[in-house]
Structures are given as C-alpha cells and as structure tokens.
Amino acid sequence: MFPLYDDNPTGHTPVMTYGLIAVCVVVFAYQVGLEAAELKPFVQTWAVIPRELFAHFDREWFTLVSSQFLHGGWGHLVGNMWFLWLFGNNVEDVLGCWRFLGFYLLCGVVAALVQAGVTAGSGIPLIGASGAIAGVMGGYIVRFPHARIHTLVVLVVFITVMRIPAVVYLGLWIVFETLRAAATEPGVPGIAYLAHVAGFLAGAVLLPLWPERQD
C-alpha cells in the first residue's frame, strides 16, 4: 500500500515542510557530488555514530540533528520526502511553522537516541529523516485519525486506489514497522526500524502536549 494524498485540506501554506524538503534535497545533491574519498569523512562527521555519540557526547550531540538531513540514496530521499509532504503539511497547519520545526527535530532526536542506544558500540552511521517523519505520522494519527488517505493498493494483478482512514493506514504501518524492528538484529547495516517506531511513538505522545498555533 502506497499513500498518494489525503482528504485533509490546510488553512496555511506549509512553509516549514517545504523548507525541510528543500534542505534535504540540497544536502543530498551535495552528497552525490562528492568523490568517494570525500563522502566517507562527510558522513562520519555529520551522521550519528553510536559509539562516538556516547563516548564523546559533548562534541557529537549535534549529529542527532544533522543526521536527519542526510540520506543513503535516491529511494531513501524520495520516499522520506513524499511522506513528509503528505503528512507534514497538516501537522504544521496545527502547530505553526516554528513549533512544527521543534516538534519535527525533537521526534528525530528521540528516534536517533533510541536506535543508537540499542547499538551503543556500533560504528555504523545512522542517517535519514525517517525518525522525524515517523514522529509527524504519529502526530497525524492522533490529530486526524479519521482523515482519508488515498492509497494505491496492489494485490498481484489487482490494482486500485482506496480511501483508507488514517487510523487504519498508519496503524497498520506502525504495526509492520514494529514487527520488522523486532525481527532485525541490532547493529546490522540496513533500515533502522526501531528509529521509526521510536519516532512514531514520540510524535503520538508529544503532539497533544505541544502548543498549537493561535492564528
């Protein structure tokens, strides 16, 4: 199932959502322009390296934020930016531009800390906006559980678009991410499913506590 768009209009232009997408695209364009010898130290500097983070937190803490703007490939980038565009505009509409930025980054920090915490001795870089975006999705399911998500459904040769309630679509998403996290051995290179789960839960818990926009 792949989400296409939702029936959930906004009252304000999602400036910060567009800005976050733009920054991620620009950073990725810079990444792909680096030579192999330059790319490795770039990633080592700006990504979360769990063993470095916990051994030298005073000088590595910033990677909990900077790592959210790095991506491992075109598929990683495009998938993340699509989900951010789809769900971010409505959450930003509720919180306002700058409150949304704080919410987004904090969810990403929580996600990275949890993933790094279970692999504290690992030297494998953690990168990507997935944890922060999962937080946005967690906030969305709490605030807009009945919004309809137009979803592309492919069942062997049967292809259709269905309007699925957000609580169902996102509920299934987090269930499958949790199962994948449970089945994935910590410290092995690949998708950081636990970060997705942690980010989603952080968003679901934090959104009701976050101050909403007043205008």
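Scroll up to find the structure.
None of these values were measured; they are calculated from a predicted model.

Moving on, we get to the nonpolar core. Core analysis: the largest hydrophobic core is formed by 45 residues, its most contacted members being Phe87, Phe100, Tyr104, Tyr140 and Leu170. With 9 residues, the single largest contributor to this core is helix H6 (residues 74-95). Setting aside its immediate chain neighbours within four residues, Leu170 contacts Phe87, Met137, Tyr140, Ile141 and Phe200. One finds Val48, Val109, Ala112 and Ala116 within the second-largest nonpolar core, a separate group that totals 7 residues.

Taken together, the side chains of Phe2, Tyr5, Tyr18, Trp82, Trp85, Leu152, Val154, Ile159 and Val161 make up a nonpolar region of the molecular surface, amounting to roughly 820 Å² of accessible area. Contributing elements (two or more residues each) for the nonpolar patch: strand S1 (2-6), H6, strand S2 (148-155) and strand S3 (158-165). Tracing the sequence through the fold places Val161 in strand S3.

Next up on the list: the pattern of salt bridges. On inspection of all chains with the given rule, the structure shows 3 salt bridges. A salt bridge links Glu212 to Arg143, with the shortest nitrogen-to-oxygen separation between them at 3.5 Å. Of this pair, Glu212 sits in the segment after helix H10 (193-206) while Arg143 is found in helix H8 (residues 130-143), placing the two residues 69 residues apart along the sequence. When its relative accessible area of 36% is taken as the criterion, Arg143 is described as partly exposed.

Glancing now at the side chain of Ser122. Summarising the element assignment, Ser122 is placed in the loop between helix H7 (97-117) and H8. Among the polar contacts listed, one links the side chain of Ser122 to the backbone nitrogen of Ile124, at a separation of 3.0 Å. Among residues more than four places away in sequence, those in contact with Ser122 are Ile49, Pro50 and Arg51.

Turning to the pairing of S3, a few remarks are in order. Of the pairings in the sheet, the one linking S2 to S3 comprises 8 bridges and is antiparallel in character. Along S3, the bridge assignment pairs Val154 with Ile159.

With that out of the way, let us pick up the packing of H6 against H8. As a packed pair, H6 and H8 sit with axes 9 Å apart at the nearest point and diverge in direction by 40°. Between H6 and H8, the angle falls in the class oblique. In this structure, the crossing between H6 and H8 has a hand that is left-handed. On H8, the residues touching His76, Asn80, Met81, Phe83, Leu84, Phe87, Gly88, Asn90, Val91 and Val94 of H6 are Ser130, Ile133, Val136, Met137, Tyr140 and Arg143.

Quick look at the side chain of Asp6 now. Tracing the chain through its elements places Asp6 in strand S1. Only 2.6 Å separates the side chain of Asp6 from the side chain of Tyr140, close enough to count as a polar contact. Apart from residues no more than four positions distant in its own chain, Asp6 is found in contact with Leu86, Asn90, Tyr140, Arg148, Ile149 and His150.

To continue, consider the sheet that holds S1. Here 3 strands make up an open sheet; going across it, the order is S1-S2-S3 and the pairing antiparallel. Edge positions in the sheet fall to S1 and S3, since each of these pairs with one other strand and no more. Ignoring which end each strand starts from, the neighbouring axes of this sheet average 25° apart. Strands S1 and S2 of the sheet are contacted by H6, whose axis makes an angle of about 35° with S1.

What counts, and at which threshold
- Residues numbered from 1 in each chain as written.
- Predicted model: local features only at pLDDT ≥ 70, side-chain atom pairs only at ≥ 80, totals over all residues.
- Heavy atoms only, no water.
- Core = buried A, V, L, I, M, F, W, Y, C linked by side-chain atoms within 4.5 Å.
- Buried < 20%, exposed > 50% of the residue type's maximum accessible area, 1.4 Å probe, protein only.
- Helix = DSSP H or I, 4+ residues; strand = E, 2+ residues; numbered from the N terminus.
- Contact = heavy atoms within 4.5 Å.
- Patch = residues over 30% accessible without salt bridge, like charges linked within 9 Å, V, L, I, M, F, W, Y side chains within 5 Å.
- Areas by Shrake-Rupley, 256 points an atom, 1.4 Å probe, with all protein chains shown as cover.
- Salt bridge = Lys/Arg side-chain N within 4 Å of Asp/Glu carboxyl O.
- Polar contact = N/O pair within 3.5 Å; in protein donor to acceptor, adjacent residues only side chain to side chain.
- Pairing = 2+ DSSP bridges.
- Axes fitted to C-alpha atoms, helices over the stretch in contact; angles between N-to-C directions.
- Parallel < 35°, antiparallel > 145°, perpendicular 65-115°, else oblique.
- Left-handed = near helix turned anticlockwise from the far one by under 90°.

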